[in-house]
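For reference, the chains in residue letters:
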Amino acid sequence: MTEQPITVIATIRVRPDHEKAAIAAIHDCVKASRLEKTNISYQCHRDVSDPPVFVFVERWASPEALSEHETTPHFRAMADVFRTALAEPLHVRITREI
């Protein structure tokens, strides 16, 4: 039996003085993540009514694929930027379609 893919929904709030760095890191990570063979889709959206909020919607082949993604240089680079750029802790949900 093949394991069902997972969907990650992650929400961040970026400090206004770190917006440019955060957006650059997000763009780089999105582009590189889409090239990973276990990635099904990877998007980041900006909240229209609350612009400092960004929502990632990612689909991965498995939980192991997500764990592997979190070790990649592009993910680590984005995480490094987020260490100082986030106004509050990120919120992550890992889901499966019903």
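To be clear, the structure that these remarks concern was listed above.
Residues numbered from 1 in each chain as written. Predicted model: local features only at pLDDT ≥ 70, side-chain atom pairs only at ≥ 80, totals over all residues. Heavy atoms only, no water.

Here's the deal with the sheet that holds strand β1 (residues 6–13)
The criterion, for reference: By the convention used here, strands pair only if DSSP detects at least 2 bridges between them. Secondary structure is summarised from DSSP: a helix means a run of H or I of at least four residues, a strand means a run of E of at least two, and numbering begins at the N terminus for each. Under this scheme, a helix contributes an axis fitted over its contacting stretch, all axes are lines through C-alpha atoms, and angles between N-to-C directions fall in the 0 to 180 degree range. Should any heavy atoms of two residues lie within 4.5 Å, those residues are counted as being in contact.
Spatially, the four strands line up as an open sheet ordered β2-β3-β1-β4, and their pairing is antiparallel. The open sheet is flanked by β2 (39–46) and β4 (91–95), the only strands paired with a single partner. Neighbour-to-neighbour, the strand axes of this sheet turn through a mean angle of 10 degrees, independent of strand direction. Relative to strand β3 (residues 53–60), β2 runs antiparallel, the two being bridged by seven bridges. Residue pairing for β3: Arg-46 is matched across the bridge by Phe-54. Helix α1 (residues 19–33) contacts β1, β2 and β3 of the sheet and is inclined by roughly 160 degrees relative to β2.

Let's talk about the nonpolar core
Quick note on the threshold: Residues belong to a common nonpolar core when they are buried Ala, Val, Leu, Ile, Met, Phe, Trp, Tyr or Cys residues joined through side-chain atoms within 4.5 Å. Throughout this description, buried means an accessible area under 20% of the type-specific maximum (1.4 Å probe, protein chains only), exposed means over 50%, and partly exposed covers the range between.
In this structure, Ile-12, Ile-26, Tyr-42, Phe-56, Trp-60, Met-78 and Phe-82 are the most contacted members of the largest nonpolar core, which totals 20 residues. Listed by contribution, the elements that provide at least two residues to this core are β1, α1, β3, α2 (63–69) and α3 (73–85). With five residues, α1 is the single largest residue contributor to this core. Excluding residues within four positions of it along the chain, Ile-12 makes contact with Ile-26, Pro-52, Val-53, Phe-54, Phe-56, Phe-82, Leu-86 and Leu-90.

Structural notes on the side chain of His-18
Along the chain, His-18 falls in the loop between β1 and α1. In this view, His-18 contacts Thr-84 and Ala-85; residues no more than four positions away in its chain are not counted.

Let's talk about the layout of surface pockets
Rolled over the atoms, a probe with the dimensions of a water molecule shows which regions are left empty. Spelled out, the test is: Cavity: a set of points on a 1 Å grid over the protein atoms alone where a 1.4 Å probe fits but cannot get out. Pocket: an open set with protein on both sides within 12 Å along at least five of seven lines, its lining residues, like those of a cavity, having an atom within 4 Å of a point. Grid points are joined across faces, edges and corners, and a volume is the space filled by probe spheres set on the points.
There is about 240 Å³ of room inside the largest pocket. Secondary-structure elements contributing two or more residues to the lining of the largest pocket are β1, β3 and α3. Here the lining of the largest pocket gets four residues from one element, more than from any other, and that element is α3.

Re α3
Keep this limit in mind: Helix span is expected to be 1.5 Å times the residue number reduced by one. Within this analysis, the arc is defined by the directions that extend from the helix axis to the C-beta atoms.
Taking 1.5 Å per residue as the helical rise, α3 with its 13 residues ought to reach 18 Å, and the 18 Å between its terminal C-alpha atoms agrees with that figure. When we look at burial in α3, the residues that qualify are His-74, Met-78, Phe-82 and Ala-85. Down the axis, α3 shows its buried residues gathered within 75 degrees of arc, on one side only. Residues Pro-73 and Arg-83 are exposed on α3 and point more than 90 degrees away from its buried face.

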